[in-house]
Structures are given as structure tokens and as C-alpha cells.
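Structure assessment
Listed below, chain by chain, are the residues.
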Amino acid sequence: MATAELAATYAALILADEGIEITSDKIIALTSAADVELEPIWATLLAKALEGKNVKDLLSNVGAGGAGPAVGAAPAAAGGAPAAAAEEKAEEKEEEKEESDEDMGFGLFD
């Protein structure tokens, strides 16, 4: 990772730790104070990516995965999902039976 990218990331972390809103102007101010030249577009992109997010929570849940909110929305969006899931399971079981060595009448070491 380039020095400017790391500096911008650290600036965002500093702002989050202090409880200050993460904006592109503040990221540029911190990187300038650290004598790192950062193009304004990168500060703007980082600020927009982190806008409305709690950075401390993001850091605390790094290994937890990102499917938390999607799980709650999936049942509401898929009304006929249980029936479709049951059909898929039945098809999978049929395929497993077809691929079994027992159905062929011989084994690998016969």
C-alpha cells in the first residue's frame, strides 16, 4: 500500500477515534500535517465510503462477516423460498444417489 493511502486510512482512524466526523477536508488536513501529499479525490472517496458508518464497530467486527443485515432481508423478499429450498434438497439427494459407487456394482479396489 502506498504511503498516501496509508496516511489517509490512518487519518480516518484518528478522526473516528476522536469521535469527529470523517470528511475529506479533515482527512486532507491530517495528511498535510503529516507532510504527506494526498490527492483530494482519494480523501473524498474514503470519506464517502465511511459516511454514516461506525468505524469502531467495523473494526470490532472484522472477522464476523458481512452477511448480517442481508439475513434479515432475505426471508421478507422470498415468499416461496421454503418450497423452492425443499425441491432443491430433494434434487440434491437424488443426484447423490446417482453418483454413488454402490450403484455401479463395483468399488475402486475390487
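Each chain carries its own residue numbering, running from 1 in the direction its sequence is written. Totals for whole chains, interfaces and linings use every residue, but because this is a predicted model, local features are given only for residues with pLDDT of at least 70 and side-chain atom pairs only at 80 or more, for both listing and counting. Working from all heavy atoms in the structure, the side-chain values ignore hydrogens and water.

A few words now on helix α3 (residues 40–50). For an α-helix, 3.6 residues make a turn, and residues three or four places apart therefore share a direction. All of the buried residues along α3 are Ala 43, Ala 47 and Leu 50. Buried residues of α3, seen end-on, are gathered within an arc of 70° and therefore sit on one face of the element. α3 presents Trp 42 and Lys 48 as exposed residues on the side facing more than 90 degrees away from its buried surface. For this analysis, residues touch if any pair of their heavy atoms sits within 4.5 Å. In DSSP terms, a helix is any run of H or I states spanning at least four residues, a strand is any run of E spanning at least two, and both are numbered starting from the N terminus. Buried residues along α3 sit against α1 (3–18), α2 (24–33) and α4 (55–60). Backbone geometry just downstream of α3 places Gly 52 in the positive-phi region, at approximately 80°. When accessible area is computed with a 1.4 Å probe and restricted to protein chains, residues below 20% of their type maximum are described as buried, those above 50% as exposed, and intermediate ones as partly exposed. Summarising the geometry, the arc corresponds to the directions from the helix axis toward the C-beta atoms.

Moving on, we get to the packing of α1 against α2. Here the axes come from fitting lines to C-alpha atoms, over the contacting stretch only for helices, and the angles between their N-to-C directions go from 0 to 180 degrees. In contact at an axis separation of 9 Å, α1 and α2 are set at 115° when each is read in the N-to-C sense. Classified by the interaxial angle, the pair formed by α1 and α2 is roughly perpendicular. Regarding α1 and α2, the two cross each other, and that crossing is right-handed. Mapping the contact onto sequence places Ala 7, Ala 8, Ala 11, Ile 14 and Leu 15 in α1 and Lys 26, Ile 27, Leu 30 and Thr 31 in α2. Classification used: nonpolar for Ala, Val, Leu, Ile, Met, Phe, Trp, Tyr, Cys and Pro, charged for Asp, Glu, Lys and Arg, polar for all others including Gly. Across the contact of α1 with α2, the residue classes tally to 7 nonpolar, 1 polar and 1 charged. Oblique is the label for any angle not covered by the other classes, which are roughly parallel (under 35 degrees), roughly antiparallel (over 145) and roughly perpendicular (65 to 115). A clockwise turn of the near helix away from the far one marks a right-handed crossing, whereas an anticlockwise turn of less than a right angle marks a left-handed crossing.

Let us now look at the confidence of the model for the chain. Each residue carries a pLDDT score, the predictor's confidence in it, ranging from 0 to 100. Per-residue confidence for the chain gives a mean pLDDT of 74; residues scoring 70 or more make up 57%. In the model of the chain, helix α5 (residues 68–77) stands out as the element of lowest mean pLDDT, 51, in contrast to α2, which has the highest, 92.

Here we come to the side chain of Ser 24. Along the chain, Ser 24 falls in helix α2. The class of Ser 24 is buried, set by a relative accessible area of 18%. For Ser 24, the contacting residues outside a window of four places in its chain are Ala 43, Thr 44 and Ala 47.

Our next topic: unusual backbone geometry. Leaving glycine out, the prevailing phi sign among residues is negative, and the prevailing peptide bond configuration is trans. Within the chain, Asp 35 stands out as a residue other than glycine whose phi angle is a positive 60°. The residue Asp 35 is located in the loop between α2 and α3 in this model.

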